[in-house]
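The lines below spell out each chain.
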Amino acid sequence: MDILEYLDLTDEKQTDLFWANGKHIDTTNTLTGQYQLFSLYSFYVELTLTPEGKRIQRFSIFNSGARLDKYALNIKPTKKPWE
């Protein structure tokens, strides 16, 4: 499933697929909140949680870009680019 197909789904179906298939990659804590990065199919989902990490404030879906910058030092590639 690609990102556009996923975005066409209802919020409930997106949530179900996310919790069933999302793979946690990294967590970053700041003074304003906690950010958790997941991979889902061929794109990313970032959860923004309250500073205590107890409540989801935002559910962001994207392919690439500046949102990944805060995770750059902690993400380790699992495949070589030519594979």
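First, a word on scope: everything that follows refers to the structure included in this document. (Residues numbered from 1 in each chain as written. Predicted model: local features only at pLDDT ≥ 70, side-chain atom pairs only at ≥ 80, totals over all residues. Heavy atoms only, no water.)

**Some points on the environment of Y41**
Then, in step 1: Along the chain, Y41 falls in the loop between β2 (34-40) and β3 (43-49).
Then, in step 2: Residue Y41 is classed as partly exposed on the basis of its relative accessible area, which comes to 39%.
Then, in step 3: C-alpha of Y41 to C-alpha of I3: the two residues are 38 residues apart in sequence and 8.3 Å apart in space.
Then, in step 4: Once residues lying within four places of it in the same chain are set aside, the contact partners of Y41 are M1, L17 and N21.
Then, in step 5: Within the structure, the side chain of Y41 is placed 3.0 Å from the side chain of N21, a separation counted as a polar contact. (Helix = DSSP H or I, 4+ residues; strand = E, 2+ residues; numbered from the N terminus. Buried < 20%, exposed > 50% of the residue type's maximum accessible area, 1.4 Å probe, protein only. Contact = heavy atoms within 4.5 Å. Polar contact = N/O pair within 3.5 Å; in protein donor to acceptor, adjacent residues only side chain to side chain.)

**Some details on the pairing of strand β1 (residues 23-29)**
Then, in step 1: Bridging between β1 and β2 involves six bridges; their strand directions are antiparallel. Bridge pairing in β2 links T27 to Q36. (Pairing = 2+ DSSP bridges.)

**Observations regarding the pattern of salt bridges**
Close approach of charged atoms allows side chains with opposite charge to pair.
Then, in step 1: Summed over all chains, the structure comprises two salt bridges.
Then, in step 2: We note a salt bridge from R67 to E46, for which the minimum N-O separation is 3.1 Å. Within this pair, whereas R67 is found in the segment after β4 (56-62), its partner E46 is found in strand β3, the two being separated by 21 residues in sequence.
Then, in step 3: Here E46 and K70 are joined by a salt bridge, their closest N and O atoms 3.3 Å apart. Here E46, found in strand β3, pairs with K70, found in the segment after β4; they are 24 residues apart in sequence, far enough to count as distant.
Then, in step 4: Salt bridges sharing partners connect three or more residues here, namely E46, R67 and K70. (Salt bridge = Lys/Arg side-chain N within 4 Å of Asp/Glu carboxyl O.)

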